[in-house]
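# Understanding the architecture of this molecule
Each chain, letter by letter, is given below.
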Amino acid sequence: MERGSGSDHARGLAYEPFACAPALRLEAHERLSALQTSALEDRLARLEVVLERLERRLWLAVYGVAAGLLAQALQGLITMTP
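Residues numbered from 1 in each chain as written. Predicted model: local features only at pLDDT ≥ 70, side-chain atom pairs only at ≥ 80, totals over all residues. Heavy atoms only, no water.

### A short note on the overall build of the protein
Helix and strand content of the protein: two helices and zero strands. Taken across its 82 residues, the protein has 0% of its residues classed as buried. (Helix = DSSP H or I, 4+ residues; strand = E, 2+ residues; numbered from the N terminus. Buried < 20%, exposed > 50% of the residue type's maximum accessible area, 1.4 Å probe, protein only.)

Okay, here's the thing in structure tokens:
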């Protein structure tokens, strides 16, 4: 093999990859975007849990008010009948 003949290049030897500033900045931005997306998904999951708890409490309050009204109506019927 002769030196400088270009035979290395002709055989398809790959050059070592190197990191340039724009590529590094792009990778950092992608990692940051992935972290932000993950944080938003975690926040959304926590909000969904809080909303489910709030909904359960709301329904419990509705059922409590309905039970109280029914109890008052039943008590009124009982006192009216001799």
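### Thoughts on the UniProt feature "transmembrane region" (unreviewed entry) in the protein
Per the UniProt entry, the sites bearing "transmembrane region" (unreviewed entry) are residues 58–78 in this numbering. Secondary structure within residues 58–78 divides into 100% helix and 0% strand; the distance between the first and last C-alpha atoms comes to 30 Å. (UniProt positions renumbered as here; feature names shortened; annotations may be inferred.)

### A look at a nonpolar patch on the surface
Judged by side-chain polarity, Leu58, Trp59, Val62 and Tyr63 come together as a nonpolar surface patch covering roughly 450 Å² of accessible area. Following the sequence through the fold, tryptophan 59 ends up in helix 2 (residues 21–80). (Patch = residues over 30% accessible without salt bridge, like charges linked within 9 Å, V, L, I, M, F, W, Y side chains within 5 Å. Areas by Shrake-Rupley, 256 points an atom, 1.4 Å probe, with all protein chains shown as cover. Salt bridge = Lys/Arg side-chain N within 4 Å of Asp/Glu carboxyl O.)

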